[in-house]
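# Commentary on secondary and tertiary structure
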Amino acid sequence: MRYIPNSPEERAEMLHAVGLNSAEELFASIPADLLLREPLRTPAAISEMELLASSEAMAARNTAARRPSFLGAGAYSHYSPTIVDHLISRSEFFTAYTPYQPEISQGTLQAIFEFQTLVCQLTGMDVANASMYDGSTALAEAVLMAERITRRKKVITSSAVHPEYLEVVDTYVQHYGVDFHRVDTDAETGLISAEGLNSLDDQTAALVVQSPNFFGCIEDVRALAERAHAVGALLIVAVTESISFGLLRSPGACGADIVVAEGQSFGVPVSFGGPFVGLFATRDRFARQIPGRLVGEAVDKQGRRGFVLTLATREQHIRREKATSNICTNEGLIALAATIYLETMGRQGLQEVATQCAQKAAYCARRISELEGFSLPFSAPRFNEFVVRAPVGAKGLLSRLASEKEITGGLALSRYYTDRPNDFLVCVTETNSRQEIDALVEGLKELIA
Amino acid sequence: MRYIPNSPEERAEMLHAVGLNSAEELFASIPADLLLREPLRTPAAISEMELLASSEAMAARNTAARRPSFLGAGAYSHYSPTIVDHLISRSEFFTAYTPYQPEISQGTLQAIFEFQTLVCQLTGMDVANASMYDGSTALAEAVLMAERITRRKKVITSSAVHPEYLEVVDTYVQHYGVDFHRVDTDAETGLISAEGLNSLDDQTAALVVQSPNFFGCIEDVRALAERAHAVGALLIVAVTESISFGLLRSPGACGADIVVAEGQSFGVPVSFGGPFVGLFATRDRFARQIPGRLVGEAVDKQGRRGFVLTLATREQHIRREKATSNICTNEGLIALAATIYLETMGRQGLQEVATQCAQKAAYCARRISELEGFSLPFSAPRFNEFVVRAPVGAKGLLSRLASEKEITGGLALSRYYTDRPNDFLVCVTETNSRQEIDALVEGLKELIA
Amino acid sequence: MSQSTNITKAAPHITQNESLIFERSQTGRKGYRLPPLDVDETPLDEIVPAALRRDDDLAGMPEVSEVDVVRHFTRISTWNYSIDLGMYPLGSCTMKYNSRLNEKVARIPGFANLHPLAPEEDAQGALQLIYELQESLSEITGLAGISLQPAAGAHGEMTGVMIIRAFIDARDGAGASAKRRTMLIPDSAHGTNPASANLSGFTVKTIRSTAEGFTDLDHLRELCAHGDVAGLMLTNPNTLGLFEKNIKEICRIVHEAGGLVYMDGANMNALVGVARPGDMGVDVIHLNLHKTFSTPHGGGGPGCGPCCCTKELEPFLPVPRVVKDGEAFRLDFDRPQSIGRVKAFHGNFGMMVRALAYIQTHGNDGLREATEAAVLNARYVAHGLTSDYDKPFAADPMHEVVFTDKRQSRKGVHTLDIAKRLIDYGFHPMTIYFPLIVQGAMLIEPTESVGRQELDQFIAAMRSIAREAVEDPETVLGAPHTTRIGRLDEAAAARKPVLRWKPKEAASAA
Amino acid sequence: MSQSTNITKAAPHITQNESLIFERSQTGRKGYRLPPLDVDETPLDEIVPAALRRDDDLAGMPEVSEVDVVRHFTRISTWNYSIDLGMYPLGSCTMKYNSRLNEKVARIPGFANLHPLAPEEDAQGALQLIYELQESLSEITGLAGISLQPAAGAHGEMTGVMIIRAFIDARDGAGASAKRRTMLIPDSAHGTNPASANLSGFTVKTIRSTAEGFTDLDHLRELCAHGDVAGLMLTNPNTLGLFEKNIKEICRIVHEAGGLVYMDGANMNALVGVARPGDMGVDVIHLNLHKTFSTPHGGGGPGCGPCCCTKELEPFLPVPRVVKDGEAFRLDFDRPQSIGRVKAFHGNFGMMVRALAYIQTHGNDGLREATEAAVLNARYVAHGLTSDYDKPFAADPMHEVVFTDKRQSRKGVHTLDIAKRLIDYGFHPMTIYFPLIVQGAMLIEPTESVGRQELDQFIAAMRSIAREAVEDPETVLGAPHTTRIGRLDEAAAARKPVLRWKPKEAASAA
Ligand SMILES: Cc1ncc(COP(=O)(O)O)c(C=O)c1O
Ligand SMILES: Cc1ncc(COP(=O)(O)O)c(C=O)c1O
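Given the structure is predicted, the values throughout are model-derived calculations rather than measurements.

### Focus on unusual backbone geometry
Cis geometry marks the peptide bond from asparagine 236 of chain C to proline 237 of chain C; its omega dihedral reads -10°. For proline 237 of chain C, the position within the fold is in the loop between strand S4 (229-235) and helix H11 (247-256). The amide bond that connects glycine 301 of chain C to the next residue, proline 302 of chain C, takes the cis arrangement and shows omega of 0°. Topologically, proline 302 of chain C is positioned in the loop between strand S6 (284-286) and strand S7 (307-309). Positioned with a positive phi, aspartate 57 of chain D is a non-glycine residue whose angle comes to about 55°. A positive phi angle, near 55°, is found at leucine 58 of chain D, a position not held by glycine. Structurally, leucine 58 of chain D can be placed in the loop between helix H2 (44-47) and helix H3 (66-77).

### Details of the sheet that holds strand S6 (residues 258-262) of chain A
All names here are of chain A. An order of S1-S7-S6-S5-S4-S2-S3 is seen for the seven strands of this open sheet, with the pairing classed as mixed. At either margin of the open sheet sits one strand with a lone partner, and together these are strand S1 (127-128) and strand S3 (179-183). Strand direction decides the pairing type here: strand S2 (residues 154-158) and strand S4 (residues 204-210), joined by four bridges, are parallel. In the sheet register, isoleucine 156 faces S4, and the bridge partner there is leucine 207. This element, helix H9 (residues 221-230), spans S4 and strand S5 (234-239) of the sheet and lies at about 150° to S5.

### A closer look at the interface of chain D and chain B
Interfaces are often sized by the amount of accessible area the parts lose when they come together. Taken together, the contacts link 205 residues of chain D with 184 residues of chain B. If you look at where chain D meets chain B, you find 17 salt bridges. In this structure, glutamate 167 of chain B and arginine 341 of chain D form a salt bridge, with 3.1 Å as the shortest nitrogen-oxygen distance. For the pair chain D and chain B, the number of links is 93 residue pairs in polar contact (both at pLDDT 80 or more).

### What about the nonpolar core?
Ranked by internal contacts, the top residues of the largest apolar core, which has 297 residues, are Leu207, Leu235 and Phe266 of chain B together with Leu271, Phe293 and Phe458 of chain C. The element that contributes the greatest number of residues to this core is helix H13 (residues 349-385) of chain C, accounting for 18 residues. Sequence-distant contacts of phenylalanine 293 of chain C, defined by excluding residues within four places in its chain, comprise Leu137, Ile140, Val272, Leu287, Asn288, Ala355, Tyr358 and Ile359 of chain C. If you look at the next biggest cluster of nonpolar residues, it comprises 296 residues, including Leu52 of chain C together with Met87, Val261 and Val274 of chain D.

### Describing H13 of chain C
Residue and element names in this part refer to chain C. Here H13 is 37 residues long, yet its end C-alpha atoms lie only 40 Å apart, well below the 54 Å a rise of 1.5 Å per residue gives. Along H13, the sharpest kink reaches roughly 95°, centred on glycine 363. For H13, the tally of buried residues reaches 34 of 37 residues, placing the bulk of the element in the interior.

### Describing the environment of phenylalanine 276 of chain A
With respect to the helices and strands, phenylalanine 276 of chain A occurs in the loop between S6 and strand S7 (278-282). Here phenylalanine 276 of chain A falls in the buried class, since its relative accessible area comes to 1%. Here the alpha-carbon distance between phenylalanine 276 of chain A and threonine 431 of chain A, two residues 155 residues apart in the chain, equals 19 Å. If near-sequence neighbours (up to four positions away) are discounted, phenylalanine 276 of chain A is found in contact with Gly74, Ala75, Tyr133, Asp134, Glu262, Gln264, Pro269, Val270, Glu331 and Ile334 of chain A together with Phe345 and Asn348 of chain C.

### What to know about the site of ligand 2
The environment of ligand 2 is made up of 15 residues, and the closest members are Thr329 of chain B together with Ser92, Gly153, Asp264 and Lys291 of chain D. Residues near ligand 2 are shared among chains B and D, making this a multi-chain site. Residue alanine 154 of chain D places a main-chain N or O atom 2.7 Å away from an oxygen atom belonging to ligand 2. Aspartate 264 of chain D is positioned with one of its side-chain polar atoms (N or O) 2.5 Å from a nitrogen atom of ligand 2. Here ligand 2 has 390 Å² of accessible area as a free molecule, and 99% of this is covered by the chains. The element contributing the most residues to the shell around ligand 2 is helix H7 (residues 153-172) of chain D, with three residues. Residue classes in the shell around ligand 2 are distributed as five nonpolar, seven polar and three charged.

### Focus: the confidence of the model for chain C
All names here are of chain C. Predicted confidence across chain C gives a mean pLDDT of 95, with 96% of residues reaching 70 or more. Confidence drops under pLDDT 50 across residues 1-9; counting only partners more than four residues distant or on other chains, this segment forms 26 contacts. Interface scoring of the predicted complex returns ipTM 0.97; its pTM is 0.97.

### A word on the site of ligand 1
In the neighbourhood of ligand 1, 15 residues make up the surrounding shell, with Thr329 of chain A together with Ser92, Asp264, His290 and Lys291 of chain C lying closest. Residues near ligand 1 are shared among chains A and C, making this a multi-chain site. In this structure, an oxygen atom belonging to ligand 1 sits 2.6 Å away from a side-chain N or O atom of histidine 290 of chain C. With three residues, helix H7 (residues 153-172) of chain C is the largest single contributor of residues to the shell around ligand 1. Of the residues in the shell around ligand 1, the class split is five nonpolar, seven polar and three charged.

### Thoughts on the pattern of salt bridges
Residues and elements named next belong to chain C. Evaluated as defined, the whole model comprises 132 salt bridges over all chains. A salt bridge links aspartate 332 to arginine 335, with the shortest nitrogen-to-oxygen separation between them at 3.1 Å. Looking at aspartate 332, the relative accessible area reads 13%, which means it is buried. Arginine 335 sits in the partly exposed class, given a relative accessible area of 22%.

Cut-offs used in this document
- Residues numbered from 1 in each chain as written.
- Chains lettered and ligands numbered in written order.
- Predicted model: local features only at pLDDT ≥ 70, side-chain atom pairs only at ≥ 80, totals over all residues.
- Heavy atoms only, no water.
- Helix = DSSP H or I, 4+ residues; strand = E, 2+ residues; numbered from the N terminus.
- Pairing = 2+ DSSP bridges.
- Contact = heavy atoms within 4.5 Å.
- Axes fitted to C-alpha atoms, helices over the stretch in contact; angles between N-to-C directions.
- Salt bridge = Lys/Arg side-chain N within 4 Å of Asp/Glu carboxyl O.
- Polar contact = N/O pair within 3.5 Å; in protein donor to acceptor, adjacent residues only side chain to side chain.
- Core = buried A, V, L, I, M, F, W, Y, C linked by side-chain atoms within 4.5 Å.
- Buried < 20%, exposed > 50% of the residue type's maximum accessible area, 1.4 Å probe, protein only.
- Expected span 1.5 Å × (residues − 1).
- Bend = angle between axes of the 7 residues up to and from the residue.
- Near = heavy atom within 4 Å.
- Areas by Shrake-Rupley, 256 points an atom, 1.4 Å probe, with all protein chains shown as cover.
- Nonpolar A, V, L, I, M, F, W, Y, C, P; charged D, E, K, R; others polar.
- pLDDT = per-residue confidence, 0-100.

Here it is in structure tokens:
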């Protein structure tokens, strides 16, 4: 095997050196009846050339990857500057372990410190961690953290949070005694319903909203924060489309207590759903309740600045079952990619890309809404996603659009909501050219005509 | 412009600092009538996204790049292990300059020293330089070097050397008073003709042969060396398909005095003809006549081993018009790629890839020779290229093969030899699967049927 | 970088002084360019009212050119140790070679640009890949049910432990697991095990290890006697690098007590192709694709922590499952007994691509060869160090070996010092102070990716440090001496944490 | 790496000790795997008789694993300085940022996998790219005829000078150039100029520079008086960084004498978008795409040295030319007056892809902006250093500036020492001892790719060295102190050159 340095001869010599005669003897401590007698029935070894050919062939069967696409709903196709992938491909970054030895890990540590700072700046919060697995698990951890902070058991969530995020929270809280309670979406605005908020009470640990929400509608986060705080609950805000931070008032500025987000939009490929990166930020006073790793500033004996993993007593390797979370491996390299993306785009770039997304989505929404038979059911302002109501079943319509027009037109909401057979969610980003948008509009028109 | 660090504001401040008011004033030393008054009529700036899209579109028009191909003739499609491109993409290598400051260039220098060693090992010679532009210019430099060494003006060359190499030599020697004389190829064997060799005399500086020659035939280099040496001439051997070093007796072992080769086969993409890398090796006694850069071992005050550019007095920056060559920039990074390729393949790998090429070519040649109407005009042993004689014009046949069967079947020799309308040169490498070879054979058969 | 005295006037190399990007930022610098907006512009107020828009102009976000970014990250990258620079003998972490080929495969546009919500018929390649990886992992572990959804080892643990709960409820009736709440975990276990058990609502009870380094069977029997045991979480080979030779007996005891056995598969690099958890009686395990299957650790992640379980437990795996349906592959959401979803979408797909590439390039013989080489390398290091370091357990180690600082500490030189001193010799330290039950533990896992020459260099370095500890302890105590910065004051950093950069004024105001 | 005294016992970092691959090699190690041979095997003797086959089994070629190769090159790479690590102020070399985007574009399979002998109709994209680059370079230089065939600057020079010969023969009759054999070259010129002239059969005569750093017009007139002048090879801005303000007069003089003017375009980074050689009266130039147009220098190459000439000289350019024919692009071989071919195939196409990407991402305004920034940076450095270093020429420099060691050498500190000491401050030294006419020359070209902070650091470092030269010359004379190895004994290396590795026995036998 070409990845194993020692040749068979060298290995024989080494066996000899440790007093063994054969490789089998290395496994003498394993009871004989547990030793495999047959080779594994996994595939035989293939060469680089063959692997590339077979992988290309497999990838070619992912026809959706080749088509213009208007899919969003938690995974967004944004342009990633070439230097992002180039820099994360430096082996000093991607073949390093978690920075437990700060003297020889300052590259990783400083990058995480910058990541934490950027997350704070974007979310408007005081402190951010070194990353969570993704947005959905970050949300689950936020709910658990709210329970720890408030010692209350009821959590109210907008039902317009990403349905898969809600499922993940359901899983995480199932043995935690948390009552995770969904409230309705206003059928007209697409925002969390006013009545739903009435269930906020002094047993409520947290109110959870997503903004822009799953339907693309921008919640009035400031008002929701006030409502939550009025009963002593925390406001948790989830963001799936982090490019929106470039345009929308930050949750922190609106009064959120915990902000979680999916950072995939920051230069990370959609890659069939992962690896992505969860952002997690909160207020200073909750810093010691935060899950996951934190990097902090430190000095050496000569007063030189460096960075270290800190507040480790929150974590499982020290606190074990009393840790704030079980997370260990996080999404370091993806957080690095997001950091490089954000620093490359910079202050102006993030604003420009956010504005382009909003503009293009507005154009697309207007064009579709002008089509005979199509409507936009929700009235609230939106960022770059919006729900379209088709005159026919959305699933069939989109599948014809794919096969006949070679366009992935969006997500049929029936995947998650059986009561929305004709609705689909359209996402537009800076990578969708006007030509693509016009083709989508024309395609819908022709298929319905 | 995003590659220019200083912002317009910073530049204004710097202008001020040096006592200027505007960028125009920077060019005050240029006579006013020479200053451009209009912007250049080159294209306006485009973004990364646009550049990638337009480049992909342009590349897509290179339809030949997508088809199975049997083109060789000086540029060979071999498999390059992934690590080759990954390692040369380390910016420490590709964004470094020529290693004039050895203390901070040891990476490049040590790699070149390894390259020189590998070239010596492959060619069977004593000393090799740090690279030439490509095989063709290396041959031209070899001819000039032979003239310098022997002070004779006549150079005899096999006409079965790559025609473009011969053209390049013609260009280089045109003002050097060298009589560059082509001798025939034996119509039956495909090797340099015995009569041609009779023109060797005591005015002859060198005999030039390529082996395997342009028609794929392996010359009897040892016998040719004897013939050349008998009249006091040097034998210059050119190799265009360097993978052949893995199987064939080295020119050095056969008595060659100067060996030049095209190193592109060693993991370098064909890239429409460049950048490639010229290998140049000779005997110890000619070391000070070698063109181009040389790296040698050295020690510092504490006796630590390092490497430096050496014997620089041969070179233009010291010797100016008396230099052994005008070459300055060479093909450093491509030499590095070849070095990584050779070290990855190693002793066994190079042998195996060479053997596979020879085996596959033998199979292909046999299959084609069995086709009605097709023949192989030359009888000499071959490595991985061979001439096929078709029953019809080769150019038309190959162009039909391309358009109807999506195969690039080889090179119509009419491109270089008007007297060979029906001949084409086929090259087979380890990257051509049996399936591709069979498709080629079937395609030829069907087109002729 | 330490400098000899005659050059203290030299400003250290600029590459050693790279500041935070925020300190490099200059108003007006730009590192990006977008295509011009190509649609008719709508007044921004009509899209998003001003009250919902940012009003801080993203102040504080950096403004730098592309060159600044490239130099910034290239420079700071040189402050990292990495596998490509040398041996990385972190015990329990399996820092093996990360193939460049696998990186290339994961970046094939048909994989990288595939949206997770693409219709199944348009994502057949990805579903097939997941399915094939499931099949291979099933064969490797001897366990029938595989879910690739968990994002890391701890996530896989949580998944597995929740499956145990769900199974107990299904077996013994709803709510049964609320009574069977004890999860047994050896004192040598990794911290994620108790944390994951806790997250799933279990109460952790700790099992002692014997003086020989194995699970204490008597203690296990004792703890199993109360009828409240839901399961056992065991690492095998355990974190001392020893194969739990009584594994079958252990499983029998737990099963008889009505519990299930969870195996932490972080140490599978000792077993692949040699022995299978499924054959040992284990019910559910997780794998770390970012250890055993060489997906790069990335300075902390991402990972992928497949949960693998017996046929019996399969109905409880997270939804959706990827199944084969004739010639096609599809997502199966219809799993009523499932514990639910543990992550949005399908898990860390990019890691799956790499792991399958690992399995395919190794082949079945290569997988075993890697295991043999990994165990041999550990054995070789164990052999090389016993003369100088205390080896607390006599048994032959598998893929990793634990030593202690017992001998050196007599001179005041402790594990931390030895580790830091190893840096001066050019090596990344081993895992230190883990497992917690071994005082001054040094857990060494060379992996198969190290050649004999480098193992010999490592052994020589360790022996040299042992000599230094006697002859010149100060040098060891002050190590590392050859790095850009020395040991950092971690206590002070935790006391008054500075977790983000702030502009000068803001920072001093705070 | 220098180490403070208390740690001399530490073996230097293994990454600092990486040996030659041949010394790492171990029989039986393998770094490759090929697919199995899939055709019926022919007995090898039938393919190639044993007498023509190697009989040395490639002895001595390395045998290593993939991991060995990766670690080997990763480690030795860290011994290099590079643009991505910082400012690289080599005068005459234009070490500007090498865009990653351009690297990516050059690797698009449709470019990288295109065979140079592919039929024209199947290579339209590549031909179009060449054509578009020709057009852009023609606009930038103001010269009508462009050949991209030359592989580097010197190759372009040879091409251009041969064109001059061919033109003279065409103008004055065959053999005329054999009489007009004088090529005038300033004493400040780069060594490739005389070497290229010699290669083309010319006799070089050297023109003096004036004390102000310009071509001496009187001397030029004098040398032009003999009727044997074929041409002049002039660099502009010249190698002192000064624009030859009399360029039009110079061209007039040479033209009147029957000669042609060749301009070495290595310094075009001072002119792009600002002034054009074609407008100055120049007949033929070369460009260095690996300088002005940012294709990476690669540690020595590859380059691309387009030859650009007036309409009048166009018929003499190398064959084949890439021309546009209606909507299609084709190769034109039918150029009877051509000097011939200077390289197989079409030149360094991969570099052309990058250069066109450079032109397109900059746009016409960006090209000028880069020139302005490059000249401004040089001016800023010139301004910052005049107080401490001797600036031999009063005129304002363009994109590079020359200083000397005149003041420092009084204390025995010379240019070489200053350069080596700069390394300790983290910078790559400037070009030294070139141009040859300036004693102790230090030629500094920051390029546009450096920000003000780093320029300030550079100026501070240079000033600090100037102080050290007075206060502590020993420190400067012994520099560098912070590198893996110190100054090497180059004289000894040249006296008894060791140009390749040999096995121990062979080496000692030799
Ligand atoms: C024994 C053991 N178990 C579990 C884990 C947790 O795995 P992960 O970091 O992937 O969550 C680790 C990894 O550090 C480990 O070593
Ligand atoms: C002024 C000048 N002319 C010519 C050259 C030669 O160019 P190349 O190295 O590309 O052959 C150089 C490059 O070093 C140069 O600086």
